Amino acid sequence: MTPADFEYPDEAGYPDGVGTLTEDQVVLIGEVSDDHSPTITFFVTDNEPSSTYEAISGDTVIGGLTYEVAGGNRRVLVAAAVYPEFRGQGVATELIRRVLDDIRRRGDTITVRCPIVRTFIDRNPEYGDLVDPALPGLRAR
């Protein structure tokens, strides 16, 4: 899947107004894999006040996935990010996996606004049932 394979809703809100991906998004999409073993040890915590799942290694935040709570049982996954010095180590893939596992445990659904999360779900269809059918967000073409 390439960055050109995404369909963006008009309300996507990308800075250029036409739904193109940032360089960072392109890099992280390229890193999303179905490999289950990151090369760096980290844990994920839900920082509810900032609406961000944070990936933390030691005492350092190495990445995150921002979200919005929409209603009582749906989360809008907005943007995944990994600091450049921690990229290429499986952090993005494992962060998204752990976030989706947490959302599943909560019994919530998701709306996908983040193309990196959309790529992950497309490559890991076992998470597709989490996507809210009425409000799915981004869709692969």
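Counting starts from 1 at the beginning of each chain's written sequence and moves along it residue by residue. Thresholds applied to this predicted model are a pLDDT of at least 70 for local features of residues and 80 or more for the giving and counting of side-chain atom pairs; totals over whole chains, interfaces and linings are not thresholded and use all residues. Side-chain measures here rest on the full set of heavy atoms in the structure, leaving out hydrogens and waters.

A. Molecular detail of helix α3 (residues 115-123). A 1.4 Å probe rolled over the protein chains alone gives each residue an accessible area, and that area as a share of the maximum for its type sets the label: buried under 20%, exposed over 50%, partly exposed in between. Segments assigned H or I by DSSP are reported as helices when at least four residues long, segments assigned E as strands when at least two residues long, and all are numbered from the N terminus. The buried fraction of α3 is high, at seven of nine residues. Here α3 has its buried residues at Pro115, Ile116, Val117, Arg118, Thr119, Phe120 and Ile121.

B. Structural detail: the packing of helix α2 (residues 91-106) against α3. Here the axes come from fitting lines to C-alpha atoms, over the contacting stretch only for helices, and the angles between their N-to-C directions go from 0 to 180 degrees. Close contact between α2 and α3 brings their axes to 10 Å; oriented N to C, the two are set at 80°. Taken together, the axes of α2 and α3 lie roughly perpendicular to each other. Contacts between α2 and α3 involve Thr93, Ile96, Arg97 and Leu100 from the first element and Ile116, Val117, Phe120 and Ile121 from the second. Put simply, angles under 35 degrees are roughly parallel, angles over 145 are roughly antiparallel, angles from 65 to 115 are roughly perpendicular, and the rest are oblique. Any two residues whose heavy atoms approach within 4.5 Å are treated as being in contact.

C. Spotlight on the sheet that holds strand β6 (residues 109-112). Note: two strands are recorded as paired if DSSP finds a minimum of 2 bridges between them. The strand order β2-β3-β4-β5-β6 describes an open sheet built from five strands, whose pairing is mixed. Each edge of the open sheet is held by one strand with a lone partner, namely β2 (43-47) and β6. Averaged over all pairs of adjacent strands, the angle between strand axes in this sheet comes to 30°, irrespective of strand direction. As judged from the four bridges shared by strand β5 (residues 74-82) and β6, these two strands associate in the parallel manner. The residue bridging Arg75 from the neighbouring strand is Ile110, located in β6. Across the sheet, α3 is in contact with β4 (60-70), β5 and β6; its angle to β6 comes to roughly 120°.

D. Inspection of the pattern of salt bridges at higher detail. For salt bridges, the criterion is a side-chain nitrogen of Lys or Arg within 4 Å of an Asp or Glu carboxyl oxygen. Here the structure, examined in full by the defined rule, presents nine salt bridges. Close ionic contact of Asp102 with Arg105 constitutes a salt bridge, the shortest N to O distance being 3.9 Å. Of this pair, Asp102 and Arg105 both sit in helix α2, three residues apart, which is roughly one turn of the helix. With its nearest N and O atoms 2.7 Å apart, the salt bridge here joins Asp129 to Arg104. Here Arg104 lies in helix α2 and Asp129 lies in the loop between α3 and β7 (139-140), a separation of 25 residues in the sequence. Take Asp129: its relative accessible area is 52%, and that puts it in the exposed class. The exposure class assigned to Arg104 is partly exposed, which follows from its relative accessible area of 33%. Ionic contacts of the salt-bridge type, sharing partners, join the residues Asp46, Arg75, Asp102, Arg105, Arg106 and Asp108 into one network.

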